[in-house]
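Close look at the chain arrangement
One-letter residues, chain by chain:
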Amino acid sequence: MDVLRGLSVLLVVMHHIHLRFVLERVDVDRVLPKTLNQILFWSGYYAVIVFFVISGFLITGLSMKRWGRLDQIHVGRFYRLRLARIVPSLLLLLLLLAAFDSMRLPGFTIAPERASLGRALLAALTFHVNWLEGHHGYLPGGWDVLWSLSVEETFYLTFPLACVLLRSERLLLAPLALLMIAGPVSRVALAAQDPWGDYAYLSCMDGIAFGCLAALVAARIRLSVRTLCLGLAVGAALAISVLALCNEDERTGLARFGLNVSLLELGIALMLVAFAGGIGHRAMSVGTRWLRRVGQCSYEVYLFHMLVVLGLMDLFTRLQPPRARIPLWYAAALGSSLFLGYIVSRYYSEPLNRYLRARRRSTP
């Protein structure tokens, strides 16, 4: 799973680096073959969807390990654990973004017709940046990444309550199924409303629901090795096919019905069930230590990478280096983004995460 998270965050960062060059009208879209170009540089949204599925799988699986059954979740502790993980990095990012906006730095200043600084901070802290952008337009890139956090954490505000109130893992399957159905319906119904069609809560929560269901299957159903191997192969084939063949922006083929995202979610869910059954570990671990480390700090890389990307793009526009050096700028932006995420994770967010969890356990 760390390999999947590492690959996903690399695709997000590469997408945002490439997009900045495109927005600066630098002709960088004809260098690589079309399919490879699409996978490397235009799969950022799909990569976020992968994060949603993995998140649902991990949170559900960890909850079952902690409390035995989902209907035994301690709601208060569930929230405290989530806050300990997400809040330190979120607050640091918001502090930096607020400072950069106040300084009117290029690429970091919020357009007044979109939102005020206070309104953007409120949206970030109450998990509705996606709604704000969906109805008033895109915020600067450093803020825009918070749309996915808004979807994810809104889901987790209701998840433990649903588990406790329904009092049955089987009954929980009904709302999960409804979310899976609502996902493609929402994506089709809102397709013309950019970016709300992609950012809406129901357009994305089906991914988390797929992950939750995968965790339940992995924990409660005993599958044969042959079945798990088949699931891994089918899941990988579905995921790769969507990345290679489905251009989200064209809204053609499966995307017309919102099913491109659903197929990706299904593929990742099948892979996660196989991984949970011990299938594929050896193959995924060969030569991927660095990628697994990226996956382990993917949250921090995701939150902070736009600080690097926007800063370097501002420098690029000032210097106007020769075209032959553009690959070096890509490499510098990617490497610096990964390094910054690693530093924030190792020396700030993870120590605070451990401290907050240990402090709460020691409180009478």
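First, a word on what this report is: a plain description of the structure on this page. Not measured: the values here are computed from a predicted model.

A look at the overall build of the chain
When you go through the chain residue by residue, the secondary structure sums to 17 helices and zero strands. In terms of overall size, the chain behaves like a compact globule, its C-alpha atoms giving a radius of gyration of 20 Å where 364 residues would be expected to give roughly 21 Å. When its C-alpha atoms are laid out on the principal axes, the chain stretches across 60 × 50 × 45 Å. When contacts within the chain are restricted to residue pairs at least 6 apart in sequence, long-range pairs at least 24 apart make up 78% of them. With an accessible surface of roughly 17,500 Å², the chain has 64% of that area assigned to carbon and sulfur atoms.

Looking at helix α13 (residues 259–276)
For α13, spanning 18 residues, the distance from its first C-alpha to its last is 25 Å, which sits close to the expected 26 Å at 1.5 Å a residue. Counting buried positions along α13 yields 13 of 18 residues, so the element is predominantly enclosed. Just beyond α13, the residue with positive phi is G278, at close to 90°.

Here's the deal with the packing of helix α4 (residues 75–102) against helix α8 (residues 146–166)
The N-to-C vectors of α4 and α8 enclose an angle of 170°; their axes lie 10 Å apart at closest approach. Looking at the two axes, α4 sits roughly antiparallel to α8. Along the contact surface, α4 presents V75, F78, Y79, R82, I86, L90, L93 and L94, while α8 presents L146, L149, E152, E153, Y156, L157, F159, P160, L161 and V164.

Observations regarding the environment of A332
As for its placement among the helices and strands, A332 is situated in helix α17 (residues 326–362). For A332, a relative accessible area of 34% puts it in the partly exposed group. Sequence separation between A332 and R357 is 25 residues; the distance between their C-alpha atoms is 35 Å.

Quick word on the side chain of S150
Mapping S150 onto the fold places it in helix α8. On the basis of relative accessibility, which here comes to 1%, the residue S150 falls in the buried class. Of note is the side chain of S150, whose polar atom sits 3.5 Å from the backbone nitrogen of H128. Within the structure, the side chain of S150 is placed 3.1 Å from the backbone nitrogen of V129, a separation counted as a polar contact. Here S150 is in contact with F127, H128, V129, N130 and Y201, once residues within four sequence places are set aside.

A word on unusual backbone geometry
Following D194, the chain continues to P195 via a peptide bond in cis, the omega torsion being 0°. Inspection of the secondary structure puts P195 in the loop between α9 (169–189) and α10 (196–199).

Examining the pattern of salt bridges
Here the structure, examined in full by the defined rule, presents 10 salt bridges. A salt bridge links R30 to D27; its shortest N-O distance comes to 4.0 Å. For R187, the salt bridge identified is with D206, shortest N-O distance 3.1 Å. Separated by 19 residues along the polypeptide, R187 in helix α9 and D206 in helix α11 (residues 201–220) bring together distant segments of the chain. In this structure, R187 and D206 share a single accessibility class: buried.

Regarding the nonpolar core
Within the largest apolar cluster, 107 residues are counted, with the highest numbers of intra-cluster contacts made by I17, F21, L146, W147, F159 and I268. Tallying contributions element by element places helix α3 (residues 44–67) first for this core, with 14 residues. Once you skip the residues sitting within four places of it in the chain, F21 turns out to touch V26, V28, M313, F316, I326, W329 and Y330.

Description of the environment of L176
By the secondary structure assignment, L176 is in helix α9. In this structure, the C-alpha to C-alpha distance between L176 and G211, residues 35 residues apart in sequence, is 9.7 Å. When sequence neighbours within four positions are dropped, the list of residues in contact with L176 reads A209, C212, L213 and L216.

Examining a nonpolar patch on the surface
On the surface, V188, L254, F257 and L259 cluster together into a nonpolar patch covering about 320 Å² of accessible area. Within the fold, L259 resides in helix α13.

Criteria and thresholds
Residues numbered from 1 in each chain as written. Predicted model: local features only at pLDDT ≥ 70, side-chain atom pairs only at ≥ 80, totals over all residues. Heavy atoms only, no water. Helix = DSSP H or I, 4+ residues; strand = E, 2+ residues; numbered from the N terminus. Rg over C-alpha atoms; globule rule 2.2 N^0.38 Å. Contact = heavy atoms within 4.5 Å. Areas by Shrake-Rupley, 256 points an atom, 1.4 Å probe, with all protein chains shown as cover. Expected span 1.5 Å × (residues − 1). Buried < 20%, exposed > 50% of the residue type's maximum accessible area, 1.4 Å probe, protein only. Axes fitted to C-alpha atoms, helices over the stretch in contact; angles between N-to-C directions. Parallel < 35°, antiparallel > 145°, perpendicular 65-115°, else oblique. Polar contact = N/O pair within 3.5 Å; in protein donor to acceptor, adjacent residues only side chain to side chain. Salt bridge = Lys/Arg side-chain N within 4 Å of Asp/Glu carboxyl O. Core = buried A, V, L, I, M, F, W, Y, C linked by side-chain atoms within 4.5 Å. Patch = residues over 30% accessible without salt bridge, like charges linked within 9 Å, V, L, I, M, F, W, Y side chains within 5 Å.

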